[in-house]
Structure formats: structure tokens, C-alpha cells
Amino acid sequence: MPDERAHPYDALLLLSFGGPEGPDDVVPFLENVTRGRGIPRERLEEVGQHYFLFDGISPINAQNRALLAALRADFQDNGLDLPVYWGNRNWAPYLTDTLREMVADGRRRVLVLATSAYASYSGCRQYRENLADALSTLTGEGVAGEDLPRVDKLRHYFNHPGFVEPMTEGVLAALEKLPAEVRRDAHLAFTTHSIPTAAADTSGPVEAHGDGGAYVAQHLDVARLIADRVARETGVERPWRLVYQSRSGAPHIPWLEPDICDHLEERHGSGAPAVVMIPIGFVSDHMEVLYDLDTEALAKAAELGLPAVRSATVGADPRFVAGIRELVLERAATERGAAPDRCALGDLGPSHDLCPVGCCPARAPRPAAAGADSTFA
Ligand SMILES: CC1=C(CCC(=O)O)c2cc3nc(cc4[nH]c(cc5[nH]c(cc1n2)c(C)c5CCC(=O)O)c(CCC(=O)O)c4C)C(CCC(=O)O)=C3C
Ligand SMILES: [Fe+2]
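Predicted model only: the values in this text are computed from it and were never measured.

> Which parts of the structure should I look at to understand the UniProt feature "binding site: Fe-coproporphyrin III" (unreviewed entry) in the protein chain?
The feature "binding site: Fe-coproporphyrin III" (unreviewed entry), as given by UniProt, occupies Ser58 and Tyr127 in the numbering adopted here. On the secondary structure map, serine 58 appears in the loop between helix H2 (41-53) and helix H3 (60-77). When sequence neighbours within four positions are dropped, the list of residues in contact with serine 58 reads Gly19, Pro20, Tyr51, His286 and Met287. Turning to its location among the elements, tyrosine 127 is positioned in helix H5 (residues 121-140). Once you skip the residues sitting within four places of it in the chain, tyrosine 127 turns out to touch Leu15, Arg89 and Ala114.

> I keep staring at the site of ligand 1 and nothing clicks. Help me out?
By nearness alone, 25 residues border ligand 1, and Gly19, Ser58, Ser248, His286 and Met287 come closest of all. Contributing elements (two or more residues each) for the shell around ligand 1: helix H1 (26-34), H2, H5 and helix H11 (287-304). The element that contributes the greatest number of residues to the shell around ligand 1 is H1, accounting for three residues. Per-class residue counts for the shell around ligand 1 are eight nonpolar, 14 polar and three charged. Structurally, the shell around ligand 1 is a two-domain feature, drawing no fewer than three residues from each of domain 1 (11-157 + 316-335) and domain 2 (161-310).

> Teacher, can you tell me more about the packing of helix H4 (residues 95-104) against H5 here?
Angle between the axes and distance between the axes: these two values describe a pair of packed helices. One way to put it is that H4 packs onto H5 with a least axis distance of 9 Å and a crossing angle of 55°. Taken as axis vectors, H4 and H5 run oblique relative to one another. Note that H4 runs across H5; the crossing there is right-handed. Here Leu95, Thr96, Leu99, Arg100 and Val103 of H4 come into contact with H5, specifically with Asn130, Ala134, Thr137 and Leu138. A class-by-class count of the residues in the contact of H4 with H5 yields five nonpolar, three polar and one charged.

> Would you take a moment to explain the pairing of strand E2 (residues 84-88) for this structure?
Along any regular strand, the residues point their side chains to alternate faces of the sheet. Burial analysis of E2 places four of its five residues in the buried class, which makes it a mostly covered element. Bridge count between strand E1 (residues 11-16) and E2: five bridges; the pairing is parallel. From the neighbouring strand, leucine 12 faces E2, where its bridge partner is valine 84.

> What am I meant to see in the environment of glycine 271 here?
Take glycine 271: it is sitting in the loop between helix H10 (260-269) and strand E7 (275-278). Linking glycine 271 and leucine 306, residues 35 residues apart in sequence, is a C-alpha distance of 9.6 Å.

> I keep staring at the domain arrangement of the protein chain and nothing clicks. Help me out?
Many authors give the size of an interface as the accessible area that is lost as the parts come together. What the domain assignment lists for the protein chain is domain 1 (11-157 + 316-335) and domain 2 (161-310). Of note, the centres of domain 1 and domain 2, computed from C-alpha atoms alone, are 25 Å apart. Every contact between the two is made by 28 residues of domain 1 and, on the other side, 23 residues of domain 2. Mapped onto the side of domain 1 that touches domain 2, the elements with two or more residues apiece are H2, H3, H5 and helix H12 (318-335). It is H12 that contributes the most residues to the side of domain 1 that touches domain 2, six residues altogether.

> Whenever I open this one, the pairing of strand E4 (residues 150-153) confuses me. Can you help?
As judged from the four bridges shared by strand E3 (residues 109-114) and E4, these two strands associate in the parallel manner. Along E4, the bridge assignment pairs arginine 109 with arginine 150. Tracing the backbone out of E3, into H5 and back to the parallel element E4 gives a crossover that is right-handed.

Each value, and the rule that gives it
Residues numbered from 1 in each chain as written. Chains lettered and ligands numbered in written order. Predicted model: local features only at pLDDT ≥ 70, side-chain atom pairs only at ≥ 80, totals over all residues. UniProt positions renumbered as here; feature names shortened; annotations may be inferred. Helix = DSSP H or I, 4+ residues; strand = E, 2+ residues; numbered from the N terminus. Contact = placed C-beta atoms within 7 Å. Near = placed C-beta within 6 Å. Nonpolar A, V, L, I, M, F, W, Y, C, P; charged D, E, K, R; others polar. Domains from an automatic or database assignment. Axes fitted to C-alpha atoms, helices over the stretch in contact; angles between N-to-C directions. Parallel < 35°, antiparallel > 145°, perpendicular 65-115°, else oblique. Left-handed = near helix turned anticlockwise from the far one by under 90°. Buried ≥ 20, exposed ≤ 12 C-beta atoms within 10 Å, placed from the backbone. Pairing = 2+ DSSP bridges. Right-handed = clockwise from strand over helix to strand, strands pointing away.

In C-alpha cells, the structure reads:
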């Protein structure tokens, strides 16, 4: 019997990136990620090495298993009877297999939680394309009419307290790890995944944002929020900046800058006594955090003699999990025609529930689900 508070939804689907779980998985995983995306061979070999450094194991799947378990426990503790499933874009459990299982279980109205908090092609539309691909595979297998689930995607949660509060606390904890004599004047470097500037400029409903589109505007909003809260807690206004990491693609194509390592060098040169790196672009400590920040950027800081620490991502923090529950209940109420309170911090306000037509466009248009231009019901 579906839960009344979650109605019309009868399932939540955790949708993530996926990662290799051993050395033999690395190359096929990278082939899945980069199919048709024009990434230079040298970059792929380099990224393969990052995984081999950790025995070919990305921590992302274990982190999603922990999030899945935490969501189920939170729902149960709060008397919310809503099953939670998990599927990935690039590795097992594959999204299509999970959706097939959901069809077999009779799920018809699915709400999707993607492990990306912001707008952008890579963080939003690409997941919607993956949903469309999975739905059309099922259609090809004869699933039709009511049996084919209708999928919706949760609004971007970057500015929800469930995301902002644990991140802020993480920064306060990270400051405590710095030597006392540099703590007070430490700078804050908010970091996220670099994307091509062309993808940034067209992210979100473009009319609403300037250069860098919704992607940059949303990150700046969160960065400012966290910097203000940290200033309030510590009584010190610290210099802060939004910087980027994990650049990929061909060198002649412009991507968002500055890179975290260049930024550390620049800060060191201009006399910053220490830096806290805050991975606001990511939901868990997966490989981009473990390698690009904890390995590469911390090595850079050590080489410069610049004290640096990295703050925590939300992972399966109980406040994040509770925030997701609130967002699920909010969206369900909206779908029932109610006008629930849509909680959001910062200046941008709550993000749209339904991506408008052309939101975060792909280089080459492909069918996408869970948006106003969905090719499915
Ligand atoms: C915005 C964004 C997020 C954050 C939002 C989200 O989380 O979705 C993200 C997350 C992730 N990216 C990941 C891994 C990779 N991303 C790559 C490549 C790319 N990422 C891009 C963007 C993003 N990526 C882009 C524009 C490319 C270029 C190719 C393309 O246009 O598609 C490549 C190919 C090699 C390389 O070039 O680096 C790999 C291996 C993993 C898994 C980590 C693990 O295994 O623990 C995660 C969570
Ligand atoms: Fe990526």
C-alpha cells in the first residue's frame, strides 16, 4: 500500500555516476564514461592511473550503498513507507537494470535523486538522458502504457539546509585541524568540477543568469552562504574564492578556471598563511575528491609549504538524508496540487521542479526524461 504522504510517488531512485570496484573494472568503466565524448587518450591514461593508485577501487559505490542504507533507515524511522532503489550511469548496478526491477515490482511513479546538487549538462541533463535511454530500452522490451514508470527528478538541492549545514560544519572542523597560528587568517577555496565554459554559460534556464550560467551562480550562492556562516561562527571574515578541479577535454577548449592547484600557488604567492579546500561541487568523497584534492592538491600545498586541509562532503550525514526526505515530501505535495513550503537558503531561492525546455542543453540534442521536454509521459 503506497504511503499517503509520498503519494503520487511509489518509489525513490538514487541515481549516480558509478565507479570501478577493482583493477579489471577500470578500463571498461572509463570506456563507459567517455563513449562519444571526445576525451584525449592521454587524459584517459592519466585518469586510469588515479584509479590504479587506489587498487582500481572508486569509493563512490560504497558511499552510495551507505547513502541508500541511511535513506531507508531515515524513512523507516519517520514512518515513511517509500522503497528506495539505486542505479548508476556508468557501472553496476546499471540504471536500466534497476528500472527493469522497478517495473517488475510494479513501481509506476518514480522520483529521482541524482548525486549532483547543481544544474549543468553533466550534473543534470545527462542523467535525464540516461533515464530516457533506460525507459526506451524497456519500451523495446515490451513494457508499455501504465507499466512504464513516469519519472520526475528532485529539484537541485545545493541551497537546501540539509546540504549547506553539514558542509558549513565541515569547514569549521577543518579549520580546527590547521595549526593554531595560521587558523585565524586561513583563506577558503570552494572547489567544484570544471566544465567547458560553453556548458557553464548555457546551464540552467539561461535568461536567469549571466556568464557561467546557473552552474557558476549556484556555486557562488552556496560559497557565499558558507563563507558568511563560517565568519559568523569564528568572528573572522576570510577571503574566499570559487575554484575548479578535474579538468578534462581537449586543451584548446576553454573550461572554467582557475584550477585549484594554480589557485594554491597564487594564494601562497600573495601571502595567505593557509587554505581550506571545500568540495562544494560533490556529494561524497569519491575519486575526484580523493585524488584531485587529497592527493594532487595537498601535494601541491606541501610542495609550496602552504598549510592546507580539505573539508568533508555531506556523504550520508543525517541532516543531508533528512533534507532529502523533506524534499521528497515537498515534491509529492506539489504533485498533489498543494503549495508546500519550499525551503532554500541564499539568494537564488528554490530551484525549479521541472527543467524547462532546452535547460542545460547537450552539444547534440538527445531525448531526455523528467523535464518539460521529456519524450515520455
Ligand atoms: C559536473 C561534473 C560532476 C559533478 C556532478 C556529478 O557528480 O554528476 C562530475 C562527477 C564525476 N565525474 C566522475 C568521473 C569522471 N568524469 C569524467 C569526465 C567529465 N566529468 C565532467 C563533469 C562532471 N563530473 C565532464 C564535463 C567530463 C568530461 C567528459 C564529458 O563531457 O562527459 C571522467 C573521464 C575522465 C576525465 O576526463 O576525467 C571520469 C572518470 C565521477 C566518478 C568518481 C569516482 O569514480 O569516484 C564523478 C562523481
Ligand atoms: Fe566527471
